[in-house]
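Structural features, examined
Letter by letter, the chains look like this.
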Amino acid sequence: QVQLVESGGGLVQAGGSLRLSCAASGRTFSSYVMGWFRQAPGKEREFVGRIRWSSGSTYYADSVMGRFTISRDNAKNTVYLQMNSLKPEDTAVYYCATATYYRGSSQSQSAYDYWGQGTQVTVSS
């Protein structure tokens, strides 16, 4: 079993920044890719970005490209989502997820086998 715990959410004004963390634990944690998704009220969960655990390569949704950055700390089994220039439309519950092996496109929720509980991010105008 793998447990993912997000933290760092909160209320921020438009133009501000937040950094989310996702700490992974489990008896033998290994990951192929870690992803971030978000779900705004009344909307479907959408892909934000992902990082491949071994190489550190990243990929982002167009809506956050240039504003959000994903990084990882292998020693801490932790992934970060640095969010800058936040907009009200970034308001959502943010989830991290891990795929312990390749299961398909990392932009698809079905590629991930473990999910965190989510953390609320609210951006005021």
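Above this text you will find the structure in question.
Quick look at the structure, then. What you see is a predicted model; the values in this text were computed from it and never measured.

**What to know about the overall build of the protein chain**
Helix and strand counts for the protein chain come out as zero helices and 11 strands. Taken from N to C terminus, the helices and strands of the protein chain fall in the order β-β-β-β-β-β-β-β-β-β-β. Its C-alpha atoms give the protein chain a radius of gyration of 14 Å, near enough to 14 Å, the size a compact globule of 125 residues would have. Taken along its principal axes, the extent of the C-alpha atoms in the protein chain is 40 × 25 × 25 Å. Residue burial in the protein chain is summarised as follows: out of 125 residues, 43% are buried. Partitioning the contacts of the protein chain with sequence separation of at least 6, the portion at a separation of at least 24 is 56%. Of the roughly 6300 Å² of accessible surface on the protein chain, a fraction of 46% belongs to carbon and sulfur atoms. Averaging the positions of the 12 positive and the 8 negative side-chain charges in the protein chain gives two centres separated by 6 Å.

**Thoughts on the packing of aromatic side chains**
Inspection of the entire model under this criterion finds six aromatic pairs. With centroids separated by 5.8 Å and ring planes inclined at 85°, the aromatic side chains of Y32 and Y102 adopt a geometry described as edge-to-face. Placement of Y32 in the loop between β3 (18–26) and β4 (33–39) and of Y102 in the loop between β9 (92–99) and β10 (114–115) is noted, with a sequence separation of 70 residues between them. The partly exposed category is assigned to Y32, whose relative accessible area is 30%. Given the relative accessible area of 56%, Y102 is considered exposed. With centroids separated by 5.3 Å and ring planes inclined at 85°, the aromatic side chains of F37 and Y112 adopt a geometry described as edge-to-face. Residue F37 is located in strand β4, and its partner Y112 is located in the loop between β9 and β10; the two are separated by 75 residues in the primary sequence. Overall, the relative accessible area of 1% leaves F37 in the buried class.

**Examining the nonpolar core**
The biggest cluster of nonpolar side chains holds 34 residues, and the ones touching the most others in it are W36, F68, L81, M83, Y94 and Y112. Looking at this core, the elements with two or more residues in it are β1 (2–7), β3, β4, β5 (46–52), β7 (68–73), β8 (78–83), β9 and β11 (119–124). Looking at this core, the element that brings in the most residues is β9, giving five residues.

**Some thoughts on the pairing of β3**
One ladder, built from six bridges, connects β1 with β3; its direction is antiparallel. Directly across from L4, in β3, lies its bridge partner A24.

About the thresholds
- Residues numbered from 1 in each chain as written.
- Predicted model: local features only at pLDDT ≥ 70, side-chain atom pairs only at ≥ 80, totals over all residues.
- Heavy atoms only, no water.
- Helix = DSSP H or I, 4+ residues; strand = E, 2+ residues; numbered from the N terminus.
- Rg over C-alpha atoms; globule rule 2.2 N^0.38 Å.
- Buried < 20%, exposed > 50% of the residue type's maximum accessible area, 1.4 Å probe, protein only.
- Contact = heavy atoms within 4.5 Å.
- Areas by Shrake-Rupley, 256 points an atom, 1.4 Å probe, with all protein chains shown as cover.
- Lys, Arg positive; Asp, Glu negative; His and termini not counted.
- Charge placed at Lys NZ, Arg CZ, Asp CG, Glu CD.
- Phe/Tyr/Trp six-rings, centres within 6.5 Å; stacked < 30°, edge-to-face > 60°.
- Core = buried A, V, L, I, M, F, W, Y, C linked by side-chain atoms within 4.5 Å.
- Pairing = 2+ DSSP bridges.

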